[in-house]
Number of protein chains: 4
Amino acid sequence: MQFDDFKAIISKYKVIFFDAFGVLKTYNGLIPGIEKTFAYLKTQNKDFYVLTNDASRSPDQLAESYHLLGLHDVVPQCIISSGMLAREYLELKVDHGTVAYLGTANSAHYIETAGLKTLSISQLDLNTISEVNALVMLDDEGFDWNTDLNKTVNLLRKRNIPVIVANTDATYPVSQNRLAIAIGGVAQMLETVVGKQFIRFGKPDAQMFIFAYEHIRSPSTVTKKDILMVGDTLHTDILGGNKFGLDTALVLTGNTQAEDAEIRIRSTGIIPTYVCESAVID
Amino acid sequence: MQFDDFKAIISKYKVIFFDAFGVLKTYNGLIPGIEKTFAYLKTQNKDFYVLTNDASRSPDQLAESYHLLGLHDVVPQCIISSGMLAREYLELKVDHGTVAYLGTANSAHYIETAGLKTLSISQLDLNTISEVNALVMLDDEGFDWNTDLNKTVNLLRKRNIPVIVANTDATYPVSQNRLAIAIGGVAQMLETVVGKQFIRFGKPDAQMFIFAYEHIRSPSTVTKKDILMVGDTLHTDILGGNKFGLDTALVLTGNTQAEDAEIRIRSTGIIPTYVCESAVID
Amino acid sequence: MQFDDFKAIISKYKVIFFDAFGVLKTYNGLIPGIEKTFAYLKTQNKDFYVLTNDASRSPDQLAESYHLLGLHDVVPQCIISSGMLAREYLELKVDHGTVAYLGTANSAHYIETAGLKTLSISQLDLNTISEVNALVMLDDEGFDWNTDLNKTVNLLRKRNIPVIVANTDATYPVSQNRLAIAIGGVAQMLETVVGKQFIRFGKPDAQMFIFAYEHIRSPSTVTKKDILMVGDTLHTDILGGNKFGLDTALVLTGNTQAEDAEIRIRSTGIIPTYVCESAVID
Amino acid sequence: MQFDDFKAIISKYKVIFFDAFGVLKTYNGLIPGIEKTFAYLKTQNKDFYVLTNDASRSPDQLAESYHLLGLHDVVPQCIISSGMLAREYLELKVDHGTVAYLGTANSAHYIETAGLKTLSISQLDLNTISEVNALVMLDDEGFDWNTDLNKTVNLLRKRNIPVIVANTDATYPVSQNRLAIAIGGVAQMLETVVGKQFIRFGKPDAQMFIFAYEHIRSPSTVTKKDILMVGDTLHTDILGGNKFGLDTALVLTGNTQAEDAEIRIRSTGIIPTYVCESAVID
């Protein structure tokens, strides 16, 4: 297939939504040249947001990580993470007690609210759970899978509480040829085992896009037709963008390889508006 | 379990979202007394919307049907249907050609737009499909299942086009003890058979709630905490309302019976804020 | 990938199991030359059986259809059909009353037993179902899908009876570029809609292979290592043969094309012992 | 519902198949009095077998465990375990190289064969996997879930090898009110994550029943009508027994409680021939 020119495409849009992993960066740093894209967007006075299925860190910490990599234009105000949705859910729906979590202490810190304290499943005593009013799955690290996943199953059998999955991804790359199971993959197992309905936040779910949509600087002048979603994954970025009514650009710097982009689009029926080699503008 | 008093509950909210089937009406007409609820809401100057997984008719036609039943307060402006989301999708994402559909001619009429003409699968000739740019599943009536579902499978093998399912329900009641398969149930079969990803609109999906949220009369004064979602079905009304961050009330006049409400809530893990016998206010 | 020579392969086995559709025949008749394969097997005094997910006809009728096509060596005694398993189930587990069915009258005739009479869903009166003790799904033809699938849903809500699906295939080809939905695809929809567990007979299920295994002429001299399963479909023929402990040969005259055999084997993890262009021996 | 008398029932059968966990024993030892049942079966000269989804130990070790509990009639010859099926699969289908496994060293010992050596995933070096020709999932203990499940995902991405799941159960009880995730539950997660088709052995799969059927002492005098399957779990013991064509008895000493037996039978559509309070014969 032939590819579309990213620079020419974005000229048609006022606001660009970017996926993070596979579009801006990979396991070994920034996509070379991606900082030029953001410099260009600023010269063109285009608004942009980064939509990421990441609940392991706060937007401030995520922005800091880009800064350290040398990408200074991705500031906290333009980051929309699935962790923000989990945080909003807890604020609105769980007003007291303890939120048990699977993840690192750092990932839990961000979701603490006025009325809520957090408790790692690894610290949980199954005999004193009457105060546990929600479970949040944040990160695949920070706990022992054997012990703590079994503890989680028993918590959910004793307490009928909402379970929030703050990252819908099943896996993530840790090196050029190694994957790791993400908390979203672990959540699928627990949901099947306990037979209850979990609440998932993250692309392709519409709420990620609404959240970004509501952050747009000058909403009065922007309609969905003015927004482009850019991502490397058909089932999250492109499906979610399409469903929300946005035009979508698939880039080939991450999960989807140039050689099988066409066959994957045909076999899944998830059809991007454009296919570009990368989001880099030279 | 003991039930909450609906009148007392709504005093805490500025805006009420209602499911239609099983809450306002059933297969044999209005829920007796439901009109008093809407009279009361108007005296209290509370804003209300009806969110319905129904793409078989336009909001005007849906309002007309309530009017004929004697419920005059449910006007087109307060109806949010999954058909409206399908219509927006087509407006935003499919700007020319033909939209093939499964449903009645009436259901198709509503989704026709400036650039798009519609064509029933029953009228489709599989040899001339180059202009077909989308398929929409609207209603379980208006076509022959044997012939036209097989025709649909072959259309989707030849044309890689978006498939929009405008009603996510699997079944609907047609009498006190008879169900019928809804187009959402048919869609599941087709999606499995063709192995492609369809785009579904309807509760519990967040987009239904956003659509209603954006219709609220005085948005500046209303937050999600001021809205109550009222429904009879845990997997659509209550799950969707909870996920969107709203308080939720399960009523027992439809899919969920009083005797098994408690066990269903426990077995599904879908937890309403309140459980009320009905949405009727005397 | 390079292909194995079918003639050379079968020299290693005493008994050959064949899938029918895509191996012996297609929508437009016999695979050219396949009769030579059976002539050769007889000269070599090798035992062979045809294992087919087909409950629309009796083994006698299936053999007759091969005879009419010019393949005279496939006699009733060497045909193992999923309909035979459904028939055995009814003989063993349902000893009186009526068996309702979806399919043609001809397909039902074969499953009638001493104690059981059959009744087409299209003839069924939902008000007189107390004698209906099982439902069997036999064929996608012989009934009206709109009317009779809805009738089936209501039958299964009123009577808690075993549901037997006598063909696990989701689709079947009707011409070079047209598919039709098979009764196995319809069964998936009904099972989801009614939420009950159906009983499926057909490859890849082990029972098909046992049935064939028990028919082997000289069982005392044959072990599983002496049997080769030949099929065109990874998910039924090859998966089932592998799981039963047989060596397996994938042929490329049906569902699996030469150009994507390798990628499909890798992506599914269903690994045949051999891959051959066809089962024809010249 | 009223219950059937177990002693009266078994008088109608020549051979009895028993599930183990929840029928003969629980997390805290033998079901009181169960030894009397086996004494009675011997006086009646009835043949019996124990069919268990357990690949953590050999039949000899399983029999030894019953002996230590005081049940001396369950000898190795009457035990059919899913581990035996996994072992047969490897003997027939994997004739050289290394079998990687998830489980304890003890569970692996049993599946070692002439041509095959076993290697724990915890010992596996992902850089030297060219000799690994199969993966077997045997037990939830004996490895670190965080490290070794991620290692397994990457092994299966690099080597397209058969994956055998030797225990289909998702959970098992460890005390009166605690469950643990079984290897079958872990297998579901890995299968979803890697997107490949695993091979499962254990009830309700027919192969367990065939294996037992082939062990029957005097096969010539026994038909399927002479065999009763006794179990505590609808989805494994009863579904599998029914599908194989056996009469089935649900006992209420394990997974299914007396108070919800009726509703579970109705909601699943899995219908035992009999329901008995226990398999104990006084």
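Residue numbers here run from 1 along each chain, matching the order of that chain's written sequence. To read the labels, note that chains go from A and ligands from 1, taken in the order they are written. Restriction of local features to residues with pLDDT of at least 70 applies here, the model being predicted, together with a cutoff of 80 or more for giving and counting side-chain atom pairs; totals for whole chains, interfaces and linings are based on all residues. Heavy atoms throughout the structure, all of them, feed into the side-chain values; hydrogens and water do not.

- Named according to an unreviewed UniProt entry, chain A is HAD-IIA family hydrolase originating from Fibrisoma montanum.

### Some remarks on the relation of the copies chain C and chain D
Argument step 1. Superposition of the copies was done by least squares, using only C-alpha atoms of residues whose pLDDT is at least 70 in both. At an RMSD of 0.0 Å, chain C and chain D line up after a rotation of 180° and a shift of 0.0 Å along the axis. Interpreted geometrically, this transformation is the action of a two-fold axis. For chain C, the residue whose C-alpha comes nearest the rotation axis is Ala206(C), separated from it by 3.0 Å.

### What about unusual backbone geometry?
All names here are of chain A.
Argument step 1. Omega for the bond connecting Lys-203 with Pro-204 falls within 30 degrees of zero, at 5°, which places this linkage in the cis form.
Argument step 2. Inspection of the secondary structure puts Pro-204 in the loop between strand 12 (199-200) and helix 8 (206-215).
Argument step 3. Even without being glycine, Asn-45 reaches a positive phi, approximately 50°.
Argument step 4. Under the DSSP-based scheme used, a helix requires at least four consecutive residues in state H or I and a strand at least two consecutive residues in state E, with every element numbered from the N terminus. Among the structural elements, Asn-45 can be located in the loop between helix 2 (34-43) and strand 4 (47-52).
Argument step 5. Classification of Asn-45 as exposed rests on a relative accessible area of 60%. Burial classes follow relative accessibility: with a 1.4 Å probe on protein chains only, a residue under 20% of its type's maximum area counts as buried, one over 50% as exposed, and anything between as partly exposed.

### A short note on the sheet that holds strand 5 (residues 79-81) of chain A
Two pairing modes exist for strands in a sheet, parallel and antiparallel, and in both the strands are linked by backbone hydrogen bonds.
All names here are of chain A.
Argument step 1. For two strands to count as paired, DSSP must find a minimum of two bridges between them. Here six strands make up an open sheet; going across it, the order is 5-4-1-13-14-15 and the pairing parallel. Edge positions in the sheet fall to strand 5 and strand 15 (274-276), since each has one partner strand and no second. Strand-to-strand twist of the sheet, defined as the mean angle between neighbouring strand axes without regard to direction, takes the value 25°.
Argument step 2. In this sheet, strand 13 (residues 227-231) lies alongside strand 1 (residues 15-19) in parallel orientation, the contact comprising four bridges. Bridge assignment links Phe-17 to a residue of strand 13, and that residue is Met-229. To get an axis, a line is fitted to the C-alpha atoms, and for a helix only the part in contact is used. The angle between two axes follows their N-to-C directions and goes from 0 to 180 degrees.

### Section: the pairing of strand 10 (residues 171-175) of chain A
Residues and elements named next belong to chain A.
Argument step 1. Pairing of strand 10 with strand 11 (residues 178-181) involves four bridges; the strand directions are antiparallel. Residue pairing across strands places Ser-175 opposite Arg-178, the latter belonging to strand 11.
Argument step 2. In this structure, the hairpin formed by strand 10 and strand 11 is closed by a connection of two residues.

### Considering the relation of the copies chain D and chain A
Argument step 1. Superposition record for chain D on chain A: RMSD 0.0 Å, screw rotation 180°, translation along axis 0.1 Å.
Argument step 2. A shared binding surface is used by both copies, with 100% of the interface residues of chain D retained as interface residues in chain A. We call two residues in contact whenever any of their non-hydrogen atoms come within 4.5 Å of each other.

### Quick look at the pattern of salt bridges
Argument step 1. For this analysis, a salt bridge means a side-chain nitrogen from Lys or Arg found within 4 Å of a carboxyl oxygen belonging to Asp or Glu. Under the counting rule described, the total for this entry stands at 44 salt bridges over all chains.
Argument step 2. Between Asp205(A) and Lys243(B) there is a salt bridge; the shortest N-O distance is 2.8 Å. One end of the pair, Asp205(A), is in the loop between strand 12 and helix 8; the other, Lys243(B), is in helix 9 (residues 234-244), on a second chain.
Argument step 3. Residue class for Asp205(A) comes out buried when judged on its relative accessible area of 18%.
Argument step 4. The class of Lys243(B) is buried, set by a relative accessible area of 12%.
Argument step 5. Residues Lys203(D) and Asp19(D) are paired through a salt bridge, measuring 2.6 Å at the closest nitrogen-oxygen approach. Pair noted here: Lys203(D) is in the loop between strand 12 (199-200) and helix 8 (206-215) and Asp19(D) is in strand 1 (residues 15-19), with a separation of 184 residues, a long-range link. Across the pair, exposure class does not vary: Lys203(D) and Asp19(D) are buried alike.
Argument step 6. One network of salt bridges, with partners in common, ties together Asp19(A), Lys203(A) and Asp237(A).

### Considering the domain arrangement of chain A
Residue and element names in this part refer to chain A.
Argument step 1. By domain assignment, chain A separates into domain 1 (6-53 + 203-276) and domain 2 (90-200).
Argument step 2. An automatic or database domain assignment provides the domain bounds reported here. Inter-centroid distance (C-alpha atoms) of domain 1 to domain 2 is 29 Å.
Argument step 3. Between domain 1 and domain 2, the residue contacts involve five residues of the former and seven residues of the latter.
Argument step 4. Joining two parts hides part of their accessible area as seen by a 1.4 Å probe, and the buried area is that hidden amount summed over both. Approximately 520 Å² of surface area, both sides summed, lies buried where domain 1 meets domain 2, with 49% of it carried by carbon and sulfur atoms.
Argument step 5. Looking only at domain 1, the three residues that lose the most surface to domain 2 are Phe-21, Tyr-27 and Asn-53, adding up to 78% of its buried area.
Argument step 6. The tally of links between domain 1 and domain 2 comes to zero salt bridges.
Argument step 7. Counted by class, the side of domain 1 that touches domain 2 contains two nonpolar, two polar and one charged residues. Under the grouping applied here, Gly and all other residues not named as nonpolar or charged are polar, the nonpolar ones being Ala, Val, Leu, Ile, Met, Phe, Trp, Tyr, Cys and Pro and the charged ones Asp, Glu, Lys and Arg.

### Section: the arrangement of the chains
Argument step 1. In this structure chain A stays clear of chain C, and the shortest span between their C-alpha atoms is 11 Å.
Argument step 2. Nowhere do chain B and chain D come into contact; their C-alpha atoms are at least 11 Å apart.

### Notes on the packing of aromatic side chains
All names here are of chain B.
Argument step 1. Here a pair means two rings of Phe, Tyr or Trp (six-membered ring of Trp) with centres within 6.5 Å. Their orientation is stacked below 30 degrees between planes, edge-to-face above 60, and tilted elsewhere. Considering all chains together, one arrives at 34 aromatic pairs over all chains under this definition.
Argument step 2. Residues Tyr-213 and Phe-244 carry aromatic rings whose centres are separated by 5.8 Å and whose planes lie at 80° to one another, so their mutual orientation is edge-to-face. Placement of the pair is Tyr-213 in helix 8 (residues 206-215) and Phe-244 in helix 9, with a sequence separation of 31 residues.
Argument step 3. We classify Phe-244 as buried; its relative accessible area is 2%.

### Here's the deal with the interface of chain C and chain D
Argument step 1. Each partner contributes to the interface: chain C provides 39 residues, whereas chain D provides 39 residues.
Argument step 2. Carbon and sulfur atoms supply 52% of the area buried between chain C and chain D, which totals about 2900 Å² over both sides.
Argument step 3. For chain C, the biggest contributors to the area lost against chain D are Leu92(C), Gln197(C) and Lys243(C); these three give 23% of the whole.
Argument step 4. Elements supplying a minimum of two residues to the side of chain C that touches chain D: helix 4 (82-93), strand 12 (199-200), helix 8 (206-215), helix 9 (234-244), strand 14 (247-251) and helix 10 (258-268) of chain C.
Argument step 5. By residue class, the composition of the side of chain C that touches chain D is 15 nonpolar, 12 polar and 12 charged.

### With respect to the packing of helix 7 (residues 183-194) of chain A against helix 7 (residues 183-194) of chain D
Argument step 1. At a minimum axis distance of 9 Å, the contact between helix 7 of chain A and helix 7 of chain D shows a crossing angle of 140°. Comparing their axes, helix 7 of chain D and helix 7 of chain A come out oblique. You can see that helix 7 of chain A and helix 7 of chain D cross each other, and the crossing is right-handed. The residues of helix 7 of chain D that touch helix 7 of chain A, namely those facing Gly185(A), Val186(A), Gln188(A), Met189(A) and Thr192(A), are Gly185(D), Val186(D), Gln188(D), Met189(D) and Thr192(D). If an angle is under 35 degrees, it is roughly parallel; if it is over 145, roughly antiparallel; if it lies from 65 to 115, roughly perpendicular; otherwise it is oblique. Crossings are assigned a handedness: left-handed for a near helix turned anticlockwise from the far helix by less than a right angle, right-handed for a clockwise turn.

### Some thoughts on the sheet that holds strand 7 (residues 116-120) of chain A
All names here are of chain A.
Argument step 1. With respect to topology, five strands assemble into an open sheet ordered 7-6-8-9-12, the strand pairing being parallel. Only two strands of the sheet have a single neighbouring strand rather than two, namely strand 7 and strand 12.
Argument step 2. Two elements, strand 6 (residues 97-102) and strand 7, share five bridges in a ladder whose sense is parallel. Looking at the pairing, Thr-98 lines up with Lys-117 of strand 7.
Argument step 3. Packing against the sheet, helix 4 (residues 82-93) makes contact with strand 6, strand 7, strand 8 (132-137), strand 9 (163-165) and strand 12, and its axis sits at approximately 160° to strand 9.
Argument step 4. Each of strand 6, strand 8, strand 9 and strand 12 touches helix 7; the most contacted strand, strand 8, lies at about 130° to it.

### Structural notes on helix 7 of chain A
All names here are of chain A.
Argument step 1. The end-to-end C-alpha separation of helix 7 is 16 Å, in line with the 16 Å expected for 12 residues at 1.5 Å each.
Argument step 2. Extensive coverage of helix 7 is indicated by the burial of 10 of its 12 residues.
Argument step 3. Considered for burial, the residues of helix 7 that qualify are Ile-183, Gly-184, Gly-185, Val-186, Ala-187, Met-189, Leu-190, Glu-191, Val-193 and Val-194.
Argument step 4. Taken from the residues just after helix 7, Gly-195 is the one with a positive phi, measuring 70°. Expected span of a helix: the number of residues minus one, times 1.5 Å.

### As for the interface of chain D and chain A
Argument step 1. Every contact between the two is made by 27 residues of chain D and, on the other side, 27 residues of chain A.
Argument step 2. Between chain D and chain A, the buried area comes to about 2200 Å², and carbon and sulfur atoms account for 56% of it.
Argument step 3. There are zero salt bridges connecting chain D and chain A.
Argument step 4. As used in this structure description, the phrase polar contact means that two N or O atoms lie within 3.5 Å; if the pair is within protein, one of them must be able to donate a hydrogen and the other to accept it, and residues adjacent in sequence are counted only when both atoms belong to side chains. If you look at where chain D meets chain A, you find 10 residue pairs in polar contact (both at pLDDT 80 or more).
Argument step 5. Class assignment of the residues belonging to the side of chain D that touches chain A gives a composition of 13 nonpolar, nine polar and five charged.

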